[in-house]
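Coordinates in review
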Amino acid sequence: MEHTFDRVAAVYDRTRALPPEVEIAIGAGIADLTAATAATRFLEVGVGTGRIALPLVRQGYCYYGVDLSMPMLRAADQKAQGLAGRLILCDADACALPFASATFDVAIVVHLFHLIPAWPEAFAEVLRVIRPGGAFLYGAEQQGAVDEPDPFAARWKAALATHGIVPRNHRATDEGVLAALRQRGLNPEHHTIANWTRTSTVEQTLTRYASRDYSSSWSIPEPIFREANATLAAWAREHYPDGAFPLTTAATFTVLSVRC
């Protein structure tokens, strides 16, 4: 049976690429937040192709990565060859991690829990494998400033809303995770460790919406997906007659961190 992200393993790095300087900033930020040393053992659940892992592996750290998608893991393994640290990969379910309790110094989750219906089980598993005094990091990449909503995203949501569909939001579990940490007596802190801008053209943006490369689109029935794209394209061509018109979006990488 094909796992969900198997279908996009070949295009994942192209569609989710981070600028090199942003990768470096994220790796450095995580190392600083966790006061990492040469002996620190990292775990990332939902490691994918290693976007977050590789900057830390380049710094020489030992980094374990878990994912359900073998094609994604193979891509991460290939990219890690010859780097200073070690990337140890495992095909496993986030709700049943194959590690003893209190194994890791740092556990990282980025853009994962919203994909897991029983995410509190995965959350409990992640905390289980962190040693006392270790760190849990819950990271997210956010596009668009709060006071400057993305007009394409707003039109896309409106087009889907006419069919009673709300697209999946990768930040949907944020408040739940925050509440779950506080219920355990933990006091998380918010950190912004990278800021940058993304630039694309109108046509590139429409092509991205028309693709099935993003998990938020996978549950939308094909006829509704096509109609919503036609509605978005008609609106875009009315408001942006030049398909090569550049669109610039602010982006941030934030981390919710806590000592366990």
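Here, the structure is the one placed above.
By convention here, each chain's residues receive numbers from 1 onward along its written sequence. The predicted origin of the model limits local features to residues at a pLDDT of at least 70 and limits the giving and counting of side-chain atom pairs to 80 or more, whereas totals for whole chains, interfaces and linings rest on all residues. To obtain the side-chain values, all non-hydrogen atoms of the structure were used and water was disregarded.

Examining the pairing of strand β5 (residues 130-143)
In plain terms, the rule: Think of it this way: DSSP has to see at least two bridges between two strands before they count as a pair. Numbering goes from the N terminus for both helices and strands, where a helix is a DSSP run of H or I of at least four residues and a strand is a run of E of at least two. Orient the strands so they point away from the viewer; a crossover is then right-handed if the path from the first strand over the helix to the second runs clockwise.
Examined bridge by bridge, strand β4 (residues 104-110) and β5 share 6 bridges and lie parallel to one another. Within β5, the residue paired with V110 across the bridge is G139. Read as a crossover between parallel neighbours, the route from β4 over helix α5 (residues 119-128) to β5 is right-handed.

Brief notes about the nonpolar core
Nonpolar side chains tend to gather and get buried jointly when the protein is soluble and globular. Let me state the cut-off plainly: To qualify as a nonpolar core, a set must consist of buried Ala, Val, Leu, Ile, Met, Phe, Trp, Tyr and Cys residues joined through side-chain atoms within 4.5 Å. Buried residues are those whose accessible area, probed at 1.4 Å on protein chains only, stays under 20% of the maximum for their type, while exposed residues exceed 50% and partly exposed ones sit between those limits. We call two residues contacting when some pair of their heavy atoms lies within 4.5 Å.
In terms of nonpolar packing, the biggest core is built from 31 residues, with L43, F113, F123, V126, F136, V177 and L181 touching the most fellow members. Listing elements by their share of this core, those giving two or more residues are β1 (41-45), β2 (62-67), β4, α5, β5, α7 (174-183) and β7 (246-259). Element by element, the count of residues in this core is highest for α5, at 5 residues. Setting aside anything within four residues of it in sequence, one finds F113 in contact with W119, A122, F123, V126, F136, Y138, T173 and V177. Grouped together as the second largest cluster of nonpolar side chains are 30 residues, A36, L73, A135 and I193 included.

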